[in-house]
Number of protein chains: 2
Amino acid sequence: MADVINDILKRNQLSVTDSRKKILEFFHHADGALAHADIEKMSGESFDRVTIYRTLQTFVEKGIIHTIPTADNSVKYALCKDECAAGHHHDDHIHFLCDDCGTTYCLDTHVPAVQLPQGFVVKRTDVVVSGKCGKCSN
Amino acid sequence: MADVINDILKRNQLSVTDSRKKILEFFHHADGALAHADIEKMSGESFDRVTIYRTLQTFVEKGIIHTIPTADNSVKYALCKDECAAGHHHDDHIHFLCDDCGTTYCLDTHVPAVQLPQGFVVKRTDVVVSGKCGKCSN
DNA sequence: ATTCCTTTTGCAACAAAGTTGCATTCCGTT
DNA sequence: AACGGAATGCAACTTTGTTGCAAAAGGAAT
Ligand SMILES: [Mn+2]
Ligand SMILES: [Mn+2]
Ligand SMILES: [Zn+2]
Ligand SMILES: [Zn+2]
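Treat the numbers as computed from the prediction; the structure is a model and nothing was measured.

## With respect to the protein's contact with DNA strand C
For DNA strand C, the set of nearby residues contains 18 residues, the closest of which are Thr17(B), Ser19(B), Thr51(B), Arg54(B) and Asn73(B). Restricting attention to atoms of DNA strand C within 4 Å of the protein, one finds that 62% of them are sugar or phosphate atoms. Ranked by residue count, the leading element in the surface near DNA strand C is helix H4 (residues 49–62) of chain A, at four residues. The residue inventory of the surface near DNA strand C, partitioned by class, reads five nonpolar, eight polar and five charged.

Shown next, in the form of structure tokens:
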């Protein structure tokens with residue numbers, strides 16, 4: 001486990017620090033996506049708020065995690081499953097936000113190709129579905 | 001013009017106030033979606049920041065405008081073209097965010113039906129595409 | 001036009017979220 | 001062990017969003 005974490009950081013030319021290891025572990029243990037606020041709560045007094053901001057930013061830039069837009073002004077983050085590299089994300093899967101339990105899922109469904117007007121160039125497509133997840137719909 | 005604005009408010013059982021008229025006009029004149037910050041800049045000293053928050057919230061509840069999630073933690077708002085009523089939005093079109101000019105477009109393309117795992121119930125689907133718009137891609 | 005009641009607004013105070021600069025500490029290498 | 005660059009913590013600050021309450025405005029009735 002510790003090896004996996006270590007590897008990810010080294011592979012991305014990032015020095016292995018306590019905060020980075022801890023935050024990466026949070027993502028690995030989490031069953032859904034995490035918001036900045038989630039990490040802040042989980043970490044308690046371990047490290048500074050600012051460090052979390054900077055770490056998340058670094059991870060996104062390196063292609064270790066990706067962002068998930070939500071309708072309520074709260075970006076969430078999740079591990080990139082696909083082979084994402086610095087500056088080149090390929091997280092073309094759809095996301096699901098459960099209105100009940102609040103969990104954000106990365107689903108295996110690929111985002112569909114969308115039809116756009118003449119001249120529009122697609123860089124990124126986000127599909128965010130909300131409703132009730134499997135656990136909450138019964 | 002003033003009549004149209006007036007009608008929308010009355011139809012939704014909202015009293016016709018300066019701020020509501022002005023904000024509705026902003027949306028009608030805008031070629032794209034507007035963020036809270038945009039409206040604040042446009043209105044100058046006309047009315048209070050809090051009024052803008054409350055007005056946007058009211059308009060969303062009444063089905064006059066709808067929200068558009070973005071990856072950068074800034075919700076945008078646009079007029080509902082479709083027949084949306086209080087508590088029942090039907091804005092099932094996709095959105096496009098231009099990375100160059102910042103404009104957010106409501107496109108006429110309908111959101112696709114997405115395949116979800118067993119037990120997942122869909123309430124809302126947001127498709128947000130980003131890249132370069134027609135004006136910026138040349 | 002005046003009155004009356006309800007809704008909306010503005011203000012102030014506050015809370016939460018995010019940013020920046022800089023000194024200190026830590027990491028990786030020599 | 002020592003060094004240099006990168007990461008962290010802290011403080012100060014800005015921006016964004018929320019809440020309570022008194023004043024003002026809107027709409028309906030007289
Ligand atoms: Mn994902
Ligand atoms: Mn729209
Ligand atoms: Zn759920
Ligand atoms: Zn553009």
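## Quick notes on the packing of helix H1 (residues 2–11) of chain A against helix H2 (residues 18–29) of chain A
Residues and elements named next belong to chain A. Running from amino to carboxyl end, H1 crosses H2 at an angle of 115 degrees, the nearest separation of the two axes being 10 Å. When the axes of H1 and H2 are compared, the crossing they make is right-handed. When H1 is examined against H2, the residues Val4, Ile5, Asn6, Ile8 and Leu9 are found in contact with a partner set consisting of Arg20, Lys21, Leu24, Glu25 and His28. Its residues assigned to classes, the contact of H1 with H2 shows five nonpolar, two polar and three charged.

## A look at the interface of chain A and chain B
At the interface, 37 residues of chain A touch 37 residues of chain B. At the boundary of chain A with chain B, total buried surface from both sides reaches about 2,600 Å², with 63% on carbon and sulfur atoms. By the criterion of area lost to chain B, the three top residues of chain A are Ala71(A), Asn73(A) and Phe120(A), representing 19% of everything that side buries. Where chain A packs against chain B, one counts zero salt bridges. Counting only elements with at least two residues in the side of chain A that touches chain B, the list comes to strand S4 (93–98), strand S5 (104–110) and strand S6 (121–132) of chain A. Tallying contributions element by element places S6(A) first for the side of chain A that touches chain B, with twelve residues.

## Side note on H2(A)
Residue and element names in this part refer to chain A. Taking 1.5 Å per residue, twelve residues should reach 16 Å; H2 reaches 16 Å between its end C-alpha atoms and fits that length. Here H2 has its buried residues at Ser19, Arg20, Ile23, Leu24, Phe26 and Phe27. Buried residues of H2 fall within an arc of 150 degrees about the axis and therefore sit on the same side. Facing away from the buried side of H2 by over 90 degrees, the exposed positions are Asp18 and His29.

## Some points on the coordination of the zinc ion (ligand 4)
Residue and element names in this part refer to chain B. Ligation of the zinc ion (ligand 4) by protein atoms is provided by Cys98 (SG), Cys101 (SG), Cys133 (SG) and Cys136 (SG), these donors lying 2.1 to 2.5 Å from the ion. Bound by four donor atoms, the zinc ion (ligand 4) shows angles of 103 to 122 degrees at the metal and therefore tetrahedral coordination geometry. Mapped onto the polypeptide sequence, the residues donating to the zinc ion (ligand 4) form the spacing pattern C-x2-C-x31-C-x2-C. Here the residue cysteine 101 occupies a position in the loop between strand S4 (93–98) and strand S5 (104–110), and cysteine 133 occupies one in the segment after strand S6 (121–132), the gap between them amounting to 32 residues. According to the relative accessible area criterion, cysteine 101 is partly exposed, its value standing at 40%.

Conventions and cut-offs
Residues numbered from 1 in each chain as written. Chains lettered and ligands numbered in written order. Predicted model: local features only at pLDDT ≥ 70, side-chain atom pairs only at ≥ 80, totals over all residues. Heavy atoms only, no water. Near = heavy atom within 4 Å. Helix = DSSP H or I, 4+ residues; strand = E, 2+ residues; numbered from the N terminus. Nonpolar A, V, L, I, M, F, W, Y, C, P; charged D, E, K, R; others polar. Axes fitted to C-alpha atoms, helices over the stretch in contact; angles between N-to-C directions. Left-handed = near helix turned anticlockwise from the far one by under 90°. Contact = heavy atoms within 4.5 Å. Buried area = accessible area lost by both parts, 1.4 Å probe. Salt bridge = Lys/Arg side-chain N within 4 Å of Asp/Glu carboxyl O. Expected span 1.5 Å × (residues − 1). Buried < 20%, exposed > 50% of the residue type's maximum accessible area, 1.4 Å probe, protein only. Arc of directions from axis to C-beta. Donors = N, O, S within 2.8 Å, 3.2 Å for Na, K, Ca; no water. Tetrahedral: all angles 85-135°; square planar, octahedral: opposite > 155°, others 65-115°.

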